[in-house]
Amino acid sequence: MSYRSKIRMSIGWIYPIGILISYIFSIIEYGLRSYLVKSGHDLEGIPFVTIFLVSLFFIVLGIIQLFKYKNWIYPVLGFLIGLTTFQISFILTGYGDILKFTYFGSFFIIILFVIINWNSFYSHEKFEANSRRLFRLASERIYETDDGFTERPFVAGRFECSRDELLGFVRFLHGSYVIRPFYYESYTDLAFSMNTSLVVIREATEVSHIRFNYDGSITVRISEKDYRDYRERFSFDQLCTSMAMVFIRFLEYYKSGLESRIITELKSAK
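Residues numbered from 1 in each chain as written. Predicted model: local features only at pLDDT ≥ 70, side-chain atom pairs only at ≥ 80, totals over all residues. Heavy atoms only, no water.

**Q** In this structure, what is going on with the environment of I179? I would like to understand it.
**A** Take I179: it is sitting in the loop between α6 (163–175) and β2 (180–183). Put simply, I179 and L190 are 11 residues apart on the chain and 5.7 Å apart in space, counted from C-alpha to C-alpha. With residues near it in sequence (within four places) discarded, I179 still touches F127, L134, V170, L173, H174, L190, A191, F192 and F247. (Helix = DSSP H or I, 4+ residues; strand = E, 2+ residues; numbered from the N terminus. Contact = heavy atoms within 4.5 Å.)

Take a look at the structure:
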């Protein structure tokens, strides 16, 4: 099996799929209503049911994202989009100027909300996309399946570089939205996650992370949520070891002045 199909689909893909389905349903409902109107039924030709379901879709998906990512911006955005979508039915039926004003007012609020929180939206999407790429790279050469998840950190090898080189490497990964770092006296944690938003966490221990101890040792912890996102249950120890090898390889690229190769390798893991 190709490593491209080993991880479950991101929740972000539900949006375009849901919107496409809504267009299909609206066409079907519009056609059905037109037929009933021609048959003598007293009905509006506007697909009210589809508009209501689409509004509900955005609100429910926002709530789901709250539980998945632990980030409040998604349910708020979902509610605003759902409310604005629901108001479309009143606009299409030719209601008064007040309702038109509230519709365009809601639309303006959505734009303003996205602009104000753009950094959170953008950072989360970049962090999640690169985290998924990390997990794909880590599982690329693993074929042994063994559902052996454990919460304990896994000692996964050693690295060789100066502290300054390590910190430069960490800053590069953070600036490229690959990881979010947390600095401590004797180690640095590099957090990554396909689930919880890295924008809202306070400690790397809340999500998957790799720990670079300043004595040269490396430990890896994969969260259960991230581990369960694999379609197959890979050997947990092998997955942790492979993830450590990915970061060690990236560190060697950085030390050799080949930072662009890190980004190229990540982008190849689509």
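Having seen the model, we can carry on.
**Q** Would you mind going over helix α2 (residues 48–69) with me for this structure?
**A** Structurally, the α-helix is built with 3.6 residues per turn, so residues lying three or four positions apart point the same way. For α2, with 22 residues, the first-to-last C-alpha span of 31 Å sits near the 32 Å given by 1.5 Å per residue. Looking only at α2, the buried set comprises T50, I51, V54, S55, F58, L61, G62, Q65, K68 and Y69. Down the axis, α2 shows its buried residues gathered within 155° of arc, on one side only. Where α2 terminates, the next one or two residues include K70, which has phi positive at roughly 60°. (Expected span 1.5 Å × (residues − 1). Buried < 20%, exposed > 50% of the residue type's maximum accessible area, 1.4 Å probe, protein only. Arc of directions from axis to C-beta.)

**Q** Can you walk me through the nonpolar core in this structure?
**A** The nonpolar side chains of a soluble globular protein tend to be buried with one another. L134, F212 and F247 are the most contacted members of the largest nonpolar core, which totals 41 residues. Breaking this core down by element, the ones donating at least two residues are α5 (118–139), β1 (154–158), α6, β3 (187–192), β4 (208–213), β5 (217–221), α8 (236–255) and α9 (259–268). Ranked by residue count, the leading element in this core is α8, at 11 residues. Ignoring sequence-local partners within four residues, the contact set of L134 consists of V178, I179, F192, M243, V246, F247, F250 and L266. Grouped together as the second largest cluster of nonpolar side chains are 10 residues, I11, L80, F113 and F121 included. (Core = buried A, V, L, I, M, F, W, Y, C linked by side-chain atoms within 4.5 Å.)

**Q** When you look at the environment of S197 in this model, what are you seeing that I'm missing?
**A** The topology assignment puts S197 in the loop between β3 and β4. Residue classification places S197 among the buried residues on the basis of a relative accessible area of 0%. Apart from residues no more than four positions distant in its own chain, S197 is found in contact with Y69, N71 and H124. At 3.2 Å, the side chain of S197 forms a polar contact with the side chain of H124. (Polar contact = N/O pair within 3.5 Å; in protein donor to acceptor, adjacent residues only side chain to side chain.)

**Q** I would appreciate a short explanation of unusual backbone geometry in the present structure.
**A** Phi is mostly negative for residues that are not glycine, and the peptide bonds are mostly trans. Of note in this structure, K70 is not a glycine but carries a positive phi near 60°. Tracing the chain through its elements places K70 in the loop between α2 and α3 (73–92). K70 sits in the partly exposed class, given a relative accessible area of 42%. One non-glycine residue with positive phi stands out, namely Y177, at about 60°. Inspection of the secondary structure puts Y177 in the loop between α6 and β2.

**Q** Looking at this structure, I do not really get the pairing of β2. What am I missing?
**A** Side-chain direction in a regular strand flips from residue to residue, so the side chains alternate between the two faces of the sheet. Direction of pairing for β2 relative to β3: antiparallel, over a ladder of 4 bridges. In the sheet register, F182 faces β3, and the bridge partner there is D189. Adjacent in sequence and paired antiparallel, β2 and β3 are bridged by 3 residues. (Pairing = 2+ DSSP bridges.)

**Q** Just checking my understanding: could you explain a nonpolar patch on the surface for this structure?
**A** A contiguous nonpolar surface patch, about 880 Å² in accessible area, is contributed by M9, W13, I14, I17, L20, I21, I24, F25 and I28. Its place among the elements puts I28 in helix α1 (residues 14–38). (Patch = residues over 30% accessible without salt bridge, like charges linked within 9 Å, V, L, I, M, F, W, Y side chains within 5 Å. Areas by Shrake-Rupley, 256 points an atom, 1.4 Å probe, with all protein chains shown as cover. Salt bridge = Lys/Arg side-chain N within 4 Å of Asp/Glu carboxyl O.)

**Q** Which parts of the structure should I look at to understand the side chain of S26?
**A** Take S26: it is sitting in helix α1. A relative accessible area of 19% places S26 in the buried class. Those residues in contact with S26 that sit more than four places away from it in its chain are P47 and T50.

**Q** What exactly am I supposed to notice about the packing of aromatic side chains here?
**A** In this description, an aromatic ring pair is defined by two values, namely the gap between the centres and the angle between the planes. Within the structure shown, the criterion is met by 23 aromatic pairs. Geometrically, the ring pair formed by F52 and F86 is edge-to-face, given 6.5 Å between the ring centres and 75° between the ring planes. Of this pair, F52 sits in helix α2 while F86 sits in helix α3, and the two are 34 residues apart along the sequence. Accessibility expressed as a relative area gives 43% for F52, which makes it partly exposed. Ring plane angle 75° and centroid distance 6.2 Å describe the contact between F113 and F121, whose orientation is recorded as edge-to-face. With respect to burial, F113 and F121 carry one shared label: buried. Connected via pairs of aromatic rings, a cluster forms that spans Y69, W72, Y74, F113 and F121. The ring of Y187 carries R211 above its face, with NZ or CZ at 4.0 Å from the centroid. (Phe/Tyr/Trp six-rings, centres within 6.5 Å; stacked < 30°, edge-to-face > 60°. Lys NZ or Arg CZ within 6 Å of the ring centre and 35° of its normal.)

**Q** Sorry, what's going on with the sheet that holds β2 here?
**A** Backbone-to-backbone hydrogen bonds join strands into a sheet, with any given pair of strands oriented parallel or antiparallel. Taken together, the 5 strands give an open sheet; going across it, the order is β1-β5-β4-β3-β2, and neighbouring strands pair in antiparallel fashion. In this open sheet, the two edge strands, each paired with only one partner strand, are β1 and β2. Averaged over all pairs of adjacent strands, the angle between their axes in this sheet comes to 25°, without regard to strand direction. Pairing of β3 with β4, which is carried by 6 bridges, proceeds in the antiparallel orientation. Bridging from a neighbouring strand, D189 pairs with R211 of β4. Against the sheet, α6 contacts β2, β3 and β4, and its axis sits at roughly 145° relative to β2. (Axes fitted to C-alpha atoms, helices over the stretch in contact; angles between N-to-C directions.)

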